[in-house]
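Residue-level structural notes
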Amino acid sequence: MYHFPINYESFKKFRTLLVYVGIALLAISDSGIQLLILHVIGPGSRTLRLIAMWLLFSKILLTRYSKKEFLVLAPVTILALYNYSLSGNIYCVYTILVIACLKDIDLSTLFKVLFYSTLCSVIFVGILSFFNIGSPTQITQNFGRGIVETRYCFGLYHPNIWHQAIARCIFFGCIGHYKQLNIIHLLILFVFNYFIYRMSVSRTGLLAIWIFLILVIFYKYMNRFMHTLFVKICAFMGIISVYGLYVYFTYDFATTWTLNAQLFDWKVTTGRIQQALGFLEYNPIQMFSSRFPDNGTLFDLGAFRIFYECGYLWAGLFFLAFFALIIVALKNNWDIIIPTALYFVFCSLYEFDPVTRPTYNIVVFFLPLLLFQSTATDFNNFMISSQRKRNSKV
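What counts and how
- Residues numbered from 1 in each chain as written.
- Predicted model: local features only at pLDDT ≥ 70, side-chain atom pairs only at ≥ 80, totals over all residues.
- Heavy atoms only, no water.
- Helix = DSSP H or I, 4+ residues; strand = E, 2+ residues; numbered from the N terminus.
- Contact = heavy atoms within 4.5 Å.
- Core = buried A, V, L, I, M, F, W, Y, C linked by side-chain atoms within 4.5 Å.
- Buried < 20%, exposed > 50% of the residue type's maximum accessible area, 1.4 Å probe, protein only.
- Expected span 1.5 Å × (residues − 1).
- Arc of directions from axis to C-beta.
- Polar contact = N/O pair within 3.5 Å; in protein donor to acceptor, adjacent residues only side chain to side chain.
- Axes fitted to C-alpha atoms, helices over the stretch in contact; angles between N-to-C directions.
- Parallel < 35°, antiparallel > 145°, perpendicular 65-115°, else oblique.
- Nonpolar A, V, L, I, M, F, W, Y, C, P; charged D, E, K, R; others polar.
- pLDDT = per-residue confidence, 0-100.
- Phe/Tyr/Trp six-rings, centres within 6.5 Å; stacked < 30°, edge-to-face > 60°.

**Some points on the overall build of the protein**
Helices and strands together make up the secondary structure of the protein, namely 17 helices and 2 strands. At a minimum sequence separation of 6, the contacts of the protein that also span at least 24 residues come to 68%.

Printed below as a string of structure tokens:
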């Protein structure tokens, strides 16, 4: 057999470049450009995501997978494609593309790419909004709180979407520059997030990022305490308890309709449980993906919505992988993943985008750590070097 003379290092850099460009295009698309293109040219708006998909797919074709990796990826890919054939839901396909293409990829560099691409997109769309291109800078209406209020969105069509985009910038920046993070940076981000909240009035965005930043501070400056078995058990049980609490009150709300369930729904979830149950009463969850009805009815609660959009099987596999990731992260002291998990849990109880979209669902970028040894080894070295740098300063 004739072997073409290929420089392996150049070939590896080319594969890596395909991933970075593809992921950057996905991040740009999900940070306002997609909505802007849809507003301007309509049907051609999916072009950016299609280019990203083919770039990621090309990297997958150029990557060698072990039998174990193939046996995991193949059936999940078939499931994603089957879900797409049933409902047209492309996000399952994007999710498996992102996971599969991240073999041999440095995640710290990837998050820097996500940070800069998301930030540039948000700034670009925001500037255009001042010239009345795309969505306006602010919206004045009743947002379901009983009053008419003015909230800023700067080209992203809804204040919550704008605050989520800013939150992703903070999140991606913190992970990509985790080694350089110090208490000054984190406190500045803490105050900056409150400033964004004053314009967006998004309580979900405010609290989700504050929870993330507080936990990062704890892991940065109290890491020995955070690595104790007691804290690890509390962290895992805390995440389980949050979802358990929602399931309990959802069951209570759907059956006995007690006052406690009603108070929890309106005080904590601002009516999202009742909204979800009202939808699912007439549109039950199936084993596989379901298409939303033509009358435009939707619901926000992401932890439930992934089951409807993707089916019991896909959603069950995702949450199984999510909890496995938490266990592996706690075992290996991968500090940044626990704040990420809490951020995801909090957002999944209020919004749907952080669960169903690949660049919104930040957990997806960590799932390759469960499958690819090379990616896990590089990330483990990154975490160890970050902890050594922090300990040397202390």
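Following the structure, the description resumes.
**Overview of the nonpolar core**
Residues Leu110, Phe111, Phe322, Ile336, Phe366 and Phe379 are the most contacted members of the largest nonpolar core, which totals 117 residues. In this structure Phe366 touches Leu107, Phe111, Phe171, Ile175, Leu325, Ile336, Ile337, Thr340 and Phe379, once residues within four positions along its chain are discounted.

**Some details on helix 3 (residues 67-87)**
The end-to-end C-alpha distance of helix 3 is 30 Å, a good match for the 30 Å that 21 residues give at a rise of 1.5 Å each. Taken together, the buried positions of helix 3 are occupied by Glu69, Leu73, Leu79, Ala80, Asn83 and Ser87. Seen end-on, helix 3 carries its buried residues on one side only, within an arc spanning 130°. In helix 3, those exposed residues whose orientation departs by more than 90 degrees from the buried face are Lys67, Phe70, Leu71 and Ile78. In this structure, the buried residues of helix 3 make contact with helix 4 (91-101), helix 13 (302-332) and helix 16 (368-371). Positive backbone phi, at 80°, marks Gly88, one or two positions downstream of helix 3.

**Quick look at the side chain of Thr95**
Mapped onto the secondary structure, Thr95 falls in helix 4. Here Tyr91 takes part through its backbone oxygen, which lies 2.7 Å from a polar atom of the side chain of Thr95.

**Considerations on helix 14 (residues 337-348)**
The terminal C-alpha atoms of helix 14 lie 16 Å apart, and with 12 residues this matches the ideal 16 Å at 1.5 Å per residue to within 8%. Those residues of helix 14 that fall on the buried side of the exposure criterion are Ile337, Ile338, Pro339, Thr340, Ala341, Tyr343, Phe344, Val345, Phe346, Cys347 and Ser348.

**Topic: the packing of helix 6 (residues 159-176) against helix 8 (residues 203-221)**
Running from N to C, helix 6 and helix 8 point in directions that differ by 10°, and their axes come no closer than 10 Å. Comparing the axis directions of helix 6 and helix 8 gives the class roughly parallel. Contacts between helix 6 and helix 8 involve His163, Ala167, Ile170, Phe171 and Cys174 from the first element and Gly205, Leu206, Ile209, Phe212 and Leu213 from the second. Across the contact of helix 6 with helix 8, the residue classes break down as 8 nonpolar, 2 polar and no charged.

**A word on the environment of Phe365**
Note that Phe365 resides in the loop between helix 15 (353-356) and helix 16. Among the residues examined, Phe365 registers a relative accessible area of 0% and is labelled buried. Each C-alpha atom of the pair Phe365 and Phe111 lies 8.9 Å from the other, and the pair is 254 residues apart in sequence.

**Notes on the environment of Trp54**
With respect to the secondary-structure elements, Trp54 resides in helix 2 (residues 47-61). Between the C-alpha atom of Trp54 and that of Leu97, which follows or precedes it by 43 residues, the distance is 9.5 Å.

**Focus on the confidence of the model for the protein**
Detailed reading of predicted coordinates is not advised where the pLDDT is low. For the protein, mean pLDDT is 82; residues scoring 70 or higher make up 84% of the total. For the protein, per-element mean pLDDT is lowest for helix 11 (residues 259-267), which scores 61, and highest for helix 16, which scores 92.

**A closer look at the packing of aromatic side chains**
The full count for this structure, using the stated rule, is 32 aromatic pairs. When the centroid spacing of 6.4 Å and the interplanar angle of 75° are considered together, the rings of Phe111 and Phe171 count as edge-to-face. Here Phe111 is found in helix 5 (residues 107-130), whereas its partner Phe171 is found in helix 6, with 60 residues between them in sequence. With respect to class, Phe111 is no different from Phe171; both count as buried. Taking 4.9 Å as the distance between ring centres and 65° as the angle between the ring planes, the aromatic pair formed by Phe115 and Tyr116 counts as edge-to-face. Relative accessible area serves as the criterion here: at 17%, Phe115 is assigned to the buried category. Overall, the relative accessible area of 45% leaves Tyr116 in the partly exposed class.

**Quick notes on unusual backbone geometry**
At Asp104, a position not held by glycine, the phi torsion is positive, near 65°. When you line up the elements, Asp104 lands in the loop between helix 4 and helix 5. The phi dihedral of Val201 is positive, around 55°, even though this residue is not glycine. Within the secondary structure layout, Val201 lies in the loop between helix 7 (183-200) and helix 8. Exposure remark for Val201: the relative accessible area of 18% places this residue in the buried category.

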